[in-house]
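Coordinates in review
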There are 4 protein chains.
Amino acid sequence: MIIVMNPNTPEAAIDRVVAEIERMGSHAHLSRGQFRTVIGAVGEEGQIDQNHLASLDGVEKVVPIMMPYKLASREFHEDDSVVEIGGGSVPKVKVGAQHAMCIAGPCAVENPQMLRKIAGIVRDGGATVLRGGAFKPRTSPYSFQGHGEEALKWMRDTGDELGMPICTEVMDTRQVELIERYTDAFQIGARNMQNFDLLREVGKTRKPVVLKRGLAATVKDWLLSAEYVLSQGNRGVILCERGIKTFEDSVRYTLDITSIPVAKQLSHLPMIVDPSHAAGKRDYVPAIAAAGIAAGAHGIIVEVHYCPGEAQCDGPQALLPETFKELMGQLRQIAAIFKKEFAEIAEPLTV
Amino acid sequence: MIIVMNPNTPEAAIDRVVAEIERMGSHAHLSRGQFRTVIGAVGEEGQIDQNHLASLDGVEKVVPIMMPYKLASREFHEDDSVVEIGGGSVPKVKVGAQHAMCIAGPCAVENPQMLRKIAGIVRDGGATVLRGGAFKPRTSPYSFQGHGEEALKWMRDTGDELGMPICTEVMDTRQVELIERYTDAFQIGARNMQNFDLLREVGKTRKPVVLKRGLAATVKDWLLSAEYVLSQGNRGVILCERGIKTFEDSVRYTLDITSIPVAKQLSHLPMIVDPSHAAGKRDYVPAIAAAGIAAGAHGIIVEVHYCPGEAQCDGPQALLPETFKELMGQLRQIAAIFKKEFAEIAEPLTV
Amino acid sequence: MIIVMNPNTPEAAIDRVVAEIERMGSHAHLSRGQFRTVIGAVGEEGQIDQNHLASLDGVEKVVPIMMPYKLASREFHEDDSVVEIGGGSVPKVKVGAQHAMCIAGPCAVENPQMLRKIAGIVRDGGATVLRGGAFKPRTSPYSFQGHGEEALKWMRDTGDELGMPICTEVMDTRQVELIERYTDAFQIGARNMQNFDLLREVGKTRKPVVLKRGLAATVKDWLLSAEYVLSQGNRGVILCERGIKTFEDSVRYTLDITSIPVAKQLSHLPMIVDPSHAAGKRDYVPAIAAAGIAAGAHGIIVEVHYCPGEAQCDGPQALLPETFKELMGQLRQIAAIFKKEFAEIAEPLTV
Amino acid sequence: MIIVMNPNTPEAAIDRVVAEIERMGSHAHLSRGQFRTVIGAVGEEGQIDQNHLASLDGVEKVVPIMMPYKLASREFHEDDSVVEIGGGSVPKVKVGAQHAMCIAGPCAVENPQMLRKIAGIVRDGGATVLRGGAFKPRTSPYSFQGHGEEALKWMRDTGDELGMPICTEVMDTRQVELIERYTDAFQIGARNMQNFDLLREVGKTRKPVVLKRGLAATVKDWLLSAEYVLSQGNRGVILCERGIKTFEDSVRYTLDITSIPVAKQLSHLPMIVDPSHAAGKRDYVPAIAAAGIAAGAHGIIVEVHYCPGEAQCDGPQALLPETFKELMGQLRQIAAIFKKEFAEIAEPLTV
């Protein structure tokens with residue numbers, strides 16, 4: 001940690017900072033410039049209280065050097081992690097390193113028939129994990145809020161029938177136990193990326209967690225949230241870039257393609273993109289998905305609907321079946337250029 | 001609601017949109033321009049599914065006309081609301097309309113002695129409600145997370161002794177019942193502004209809720225979150241502007257002063273500002289607080305510490321006792337220009 | 001244009017709006033809802049003064065329906081434009097529709113030797129247009145500001161020798177004439193995207209203009225700036241996405257990949273990406289460039305240096321020769337998936 | 001300057017960085033931690049090329065310690081600057097330290113009659129400097145662009161008649177000479193804050209410059225732009241906060257009140273606010289203006305129109321005469337709390 005002092009700080013204030021650093025078990029190195037003194041705190045950065053130092057007299061700013069996350073960091077885990085979703089009643093699907101995958105399905109699970117139909121379509125198009133919302137976060141209290149446990153049962157049955165692991169969103173600490181009973185992977189939405197109690201609860205389970213990036217979060221904030229899950233012993237975190245807020249008003253969010261090489265440089269965790277929620281409009285989904293894979297993502301999570309005009313939520317962003325299939329073909333080709341391979345379902349299925 | 005069609009949309013698609021609008025119980029008005037057709041849906045906007053219309057063929061965009069919140073809106077509640085905090089073992093403090101108030105205290109409650117000392121200081125300086133964190137949201141899983149129920153007890157005792165209602169943050173649906181037992185008002189932090197389950201749970205209580213604006217939320221998003229609380233029957237929502245994320249890097253957040261006249265025009269709810277979390281640095285707190293009152297806010301919530309260098313969290317932003325007292329004097333003068341008055345504690349207290 | 005009136009607006013105010021719309025030569029359609037009246041103005045939108053309507057009594061908001069740019073819009077020019085750079089002493093290079101291209105070179109032109117060496121390297125790697133800065137926009141008045149006309153001469157000579165058209169930035173209206181004499185294409189930097197006098201001046205020339213998107217501009221703002229150039233008779237506008245400001249602090253700017261499908265849907269103009277200025281760090285450049293081409297861009301503009309540690313500006317973002325060559329191979333493969341082809345220089349050159 | 005090296009950087013790379021720092025005339029201090037080495041460069045920071053260091057092998061990041069602006073900085077100029085506008089045919093008006101002032105007038109100068117009428121109104125209400133646009137920056141090439149030199153003449157005549165210095169916007173280096181002949185102060189718009197050639201040209205004159213903050217600029221960027229003007233010998237820079245882009249869509253821009261205490265801490269330059277362009281809507285202007293003065297600004301620049309529905313541009317944001325007068329009364333009271341005084345015109349004028 002580096003502590004920059006104000007110009008003309010009295011010696012006593014400098015001495016106090018040095019004493020505090022040493023009290024915390026680190027060594028202090030002083031560099032005295034013409035105008036300012038800069039103090040380096042050398043030692044275990046985790047033991048130094050940055051906030052405390054920042055509030056001492058004469059301190060202009062404190063610059064941390066080490067990353068504040070350890071388990072998520074590539075510094076202590078050089079190789080790419082590979083996370084597995086599924087097992088038990090469904091096959092395992094790998095993601096990370098050279099393994100890419102596609103999670104697809106409807107936005108909300110509306111009834112067993114539509115779910116089964118869409119699941120068949122996405123399986124046929126190349127998806128290996130089935131997604132669907134049972135509990136829906138809605139900005140208005142008057143909007144449709146999901147079918148809850150019933151929807152979870154329909155998902156479990158459909159996943160088992162088609163041999164696809166399932167993935168669904170958890171929004172509240174009180175739902176973790178229920179959802180864990182049904183799902184193969186949790187999804188944490190952008191608005192809950194810093195719901196720290198929820199992160200801790202899913203961290204106590206051993207099911208993988210697709211952790212979406214917050215709408216105004218930096219990559220560092222995101223990795224700190226991943227650290228919350230990892231610190232509870234759950235190593236199955238899959239980062240998911242789903243777009244950030246920007247001034248561009250022709251789309252809902254702006255998928256931040258640069259977060260892919262950045263997060264991959266800082267962290268060993270697998271990383272996928274969600275082009276549907278970023279764009280909010282199906283016309284733009286294929287271009288964004290292709291960009292994500294070209295930038296190095298390990299897969300996509302995407303919404304598909306055979307009749308988007310009837311969807312109970314987010315219809316405008318759902319891909320049509322034929323577009324989805326064509327897109328998957330392109331993504332496989334792009335992945336191949338970068339030596340990645342999309343998981344496939346071995347045996348064909350008569351849908 | 002207004003539906004703008006793409007140029008050259010076939011008649012059949014226009015007919016479909018009209019039919020859907022009428023199926024939902026509204027009337028459709030067509031305006032045919034040289035290049036485009038625009039359809040107005042006239043009726044109860046709440047009954048029209050905007051998302052559904054947006055996903056129909058030929059629809060370019062859908063523009064809602066009515067505000068999506070009703071209980072928070074000034075359209076159906078013209079006069080300013082006045083919310084009361086306290087009652088029972090402590091006096092009631094009013095906020096809203098011409099009533100201003102100051103909530104003050106430490107960031108985190110560290111022990112009964114420091115809490116009692118700071119409470120005395122802020123009461124003496126002009127605060128009428130005591131704040132303090134028992135459960136702390138921290139971006140890092142390795143930071144101090146608060147003293148929990150014990151801290152709540154210390155707060156209750158101190159509030160009762162000094163005749164000050166207390167206010168503390170709730171972060172998780174599972175804490176609502178516990179905190180309700182001790183506190184006079186809930187605080188919902190910026191990161192939880194769209195934690196919809198939490199909003200609903202505090203909405204079921206009858207204790208006032210200080211609802212902080214999310215870091216990237218618009219005023220409309222914020223009022224929709226207020227609507228979640230109000231829709232459960234709790235009418236005691238106090239909006240709290242605490243700064244939004246911007247590109248300015250010399251402060252933590254940018255207090256959005258304009259949100260005050262905007263929210264006051266759209267809504268009847270009382271509105272306060274939190275200059276401490278916005279600035280993140282005590283030097284800037286007085287200027288921001290003064291700006292908030294000048295822009296029309298009904299009060300402030302502010303952190304004070306007699307020895308910020310020892311605070312367990314957010315020390316750099318805590319005001320010193322003498323600065324707090326001087327600031328309160330200035331705020332009273334500014335409020336008077338705009339015919340508002342800060343609540344005062346009648347009898348002096350020997351601290 | 002649609003004019004939404006406040007609730008309970010008196011009839012006289014509504015009549016005034018209708019009268020103004022008709023005075024401007026359009027027809028007014030009224031839709032009276034339960035709470036509000038909405039007025040559609042049908043006719044040539046360009047003739048209606050939106051600002052004027054917005055300032056009339058009782059008007060809540062004015063929603064334009066038509067795009068405010070015509071020449072840049074795909075509504076009146078359905079097919080993709082193809083722009084040609086070069087001619088005369090150098091070959092013509094096409095960009096737009098199925099034609100992709102790479103513009104490459106150093107950030108600043110430092111001396112004839114380094115320029116010649118880098119030009120040879122990028123030509124060899126697959127670039128067909130040479131870039132280089134003669135006048136440099138610098139945020140600090142104390143930084144290196146470029147070699148001016150001398151650098152333009154070096155660029156012209158090198159371009160002619162290697163058979164590559166050249167492209168350089170213009171920053172001031174007073175430079176237009178000088179730069180026009182040497183260059184094959186102008187570049188307008190992000191900070192000048194709304195320097196309207198400059199846009200008009202380059203619009204009066206007949207050399208193509210690479211128009212970078214402003215750091216906080218929407219796609220619509222950008223197309224309006226393109227309209228300034230187009231409206232002067234210069235049809236050679238090439239849009240260049242170079243990243244927007246976001247809260248992410250691990251890169252300089254965030255390349256907005258979504259702007260590619262959005263701008264291509266709204267406009268017929270060719271569009272390239274600048275991964276170097278977006279990332280500000282060479283490690284991230286290949287991933288961003290690949291994402292740009294996968295999202296549908298017609299090419300890249302990129303900085304290359306054989307010894308970035310010696311560059312006079314922006315060294316950290318310059319690609320090394322071997323990385324550039326490998327990247328171009330990948331981009332050609334991605335382009336092929338989407339049926340685009342990068343321009344190539346026919347005869348090999350011994351560098 | 002502080003240079004943080006990557007973990008496990010080889011000694012040779014560290015030696016290279018040290019050698020480069022010493023070659024540039026500074027001393028290098030090494031701090032070797034368990035994981036990383038940090039190098040402090042002690043000496044004249046202006047002589048160190050940050051970019052160059054950042055591009056060396058093994059360098060993770062470079063953190064500057066000193067401010068990159070000197071003339072604008074309070075480090076070398078402790079007391080508040082006072083700038084004078086006017087002199088010659090009109091009285092001098094002071095701004096800075098305890099001197100506040102109000103610049104007011106129409107957005108665009110439309111004709112001599114309206115200008116004279118508005119000038120009389122604002123003078124009567126308490127403005128001491130007259131503003132008005134002769135050249136207008138417009139995002140659309142098809143909008144009204146101002147009356148040019150004729151409007152300058154009208155302004156000069158009106159200012160002389162009423163004893164008010166005048167202030168008008170300059171947009172292009174080619175206009176500097178012309179505008180200098182007529183005006184008492186230049187205004188640089190937000191979109192030109194980084195038009196470095198323009199900054200240099202007005203810096204060569206000796207007329208004060210009202211420098212608006214860019215829509216996405218940090219305070220540091222802004223002070224660097226001020227430095228461009230100051231470095232040419234013109235010490236009359238007046239900073240003007242006019243709002244930044246944020247996600248809030250109910251106003252045009254968000255006036256960043258925090259920039260006032262921040263800029264005043266970093267710099268000695270006077271600072272005013274522009275509530276009209278920030279809000280874009282007259283309803284919000286008084287609250288924002290009051291907040292600006294409460295936060296410590298040295299005045300406002302505001303648009304006033306007696307009949308905003310007829311204004312040729314920005315009518316919706318112009319204050320009505322009576323509101324302006326009432327607002328000025330409130331601002332004087334707020335300023336008095338903070339020991340500032342608004343300049344007044346001694347003798348009353350019969351308008």
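Residues numbered from 1 in each chain as written. Chains lettered and ligands numbered in written order. Predicted model: local features only at pLDDT ≥ 70, side-chain atom pairs only at ≥ 80, totals over all residues. Heavy atoms only, no water.

This part covers the interface of chain A and chain B. The interface of chain A with chain B comprises 43 residues on the first partner and 43 residues on the second. Viewed at the interface, chain B and chain A are joined by four salt bridges. Here Asp221(A) and Lys245(B) are joined by a salt bridge, their closest N and O atoms 3.9 Å apart. Inspection of the region where chain A meets chain B yields 10 residue pairs in polar contact (both at pLDDT 80 or more). Of all elements in the fold, only helix H2 (50-54), helix H6 (196-204) and helix H7 (219-230) of chain A reach the threshold of two or more residues within the side of chain A that touches chain B. (Contact = heavy atoms within 4.5 Å. Salt bridge = Lys/Arg side-chain N within 4 Å of Asp/Glu carboxyl O. Polar contact = N/O pair within 3.5 Å; in protein donor to acceptor, adjacent residues only side chain to side chain. Helix = DSSP H or I, 4+ residues; strand = E, 2+ residues; numbered from the N terminus.)

Before going further, it helps to spend a moment on the relation of the copies chain C and chain D. Overlaying chain C on chain D yields an RMSD of 0.0 Å, the required transformation being a rotation through 180° with an accompanying axial translation of 0.0 Å. In short, the pair behaves as if placed about a two-fold rotation axis. It is Ala216(C) whose C-alpha, among those of chain C, lies nearest the rotation axis, at 3.2 Å. Of all interface residues in chain C, 100% are interface residues in chain D too; the two copies therefore contact each other through one and the same surface. (Least-squares fit on C-alpha atoms with pLDDT ≥ 70 in both.)

Residue and element names in this part refer to chain B. Strand order in the open sheet formed by four strands is S2-S3-S1-S4, and the pairing between neighbours is antiparallel. Of all the strands in the sheet, the pair left with one neighbour each is strand S2 (27-32) and strand S4 (59-63). Between one strand and the next, the sheet's axes are offset by a mean angle of 20°, whatever the strand orientation. Direction of pairing for strand S1 (residues 2-5) relative to strand S3 (residues 37-42): antiparallel, over a ladder of three bridges. Looking at the pairing, Ile3 lines up with Ile39 of S3. Across the sheet, helix H1 (residues 11-23) touches S1, S2, S3 and S4, and the angle it forms with S2 is around 150°. (Pairing = 2+ DSSP bridges. Axes fitted to C-alpha atoms, helices over the stretch in contact; angles between N-to-C directions.)

Attention now goes to the confidence of the model for chain A. The share of residues in chain A with pLDDT of 70 or more is 96%, and the mean pLDDT across the chain is 90. Note on the complex model: pTM 0.89, ipTM 0.90. (pLDDT = per-residue confidence, 0-100.)

The next thing to look at is the pattern of salt bridges. Scanning the model with the defined rule gives 80 salt bridges over all chains in all. A salt bridge links Arg213(A) to Glu241(A), with the shortest nitrogen-to-oxygen separation between them at 2.7 Å. Of the two residues, Arg213(A) is situated in the loop between strand S11 (209-212) and H7 and Glu241(A) in strand S12 (residues 237-241); the sequence distance between them amounts to 28 residues. The two residues Arg213(A) and Glu241(A) agree in class, both being buried. Among the charged side chains, a salt-bridge network with shared partners connects Asp172(A), Arg174(A), Glu201(B) and Lys204(B). (Buried < 20%, exposed > 50% of the residue type's maximum accessible area, 1.4 Å probe, protein only.)

This part covers the sheet that holds strand S4 (residues 59-63) of chain D. All names here are of chain D. Read from one edge of the open sheet, four strands run S2-S3-S1-S4, paired in antiparallel fashion. Because the sheet does not close on itself, it has two edges, and the strands there are strand S2 (27-32) and S4. With strand direction ignored, the average angle separating the axes of adjacent strands in the sheet is 20°. Bridging between strand S1 (residues 2-5) and S4 involves four bridges; their strand directions are antiparallel. Residue pairing in the sheet places Ile2 in a bridge with Val63 of S4. Helix H1 (residues 11-23) contacts S1, S2, strand S3 (37-42) and S4 of the sheet and is inclined by roughly 150° relative to S2.

Right, let's talk about the environment of Arg74(A) for a bit. Residues and elements named next belong to chain A. Counting through the fold element by element, Arg74 comes out in the loop between strand S4 (59-63) and strand S5 (83-87). Residue classification places Arg74 among the buried residues on the basis of a relative accessible area of 18%. A sequence separation of 204 residues divides Arg74 from Ala278, and the C-alpha atoms of the two residues are 27 Å apart. Excluding anything up to four places from it in sequence, Arg74 contacts Asp79, Asp80, Lys264, Gln265, Leu266, Ser267 and His268. A distance of 3.1 Å separates a polar side-chain atom of Arg74 from the backbone oxygen of Ser267.

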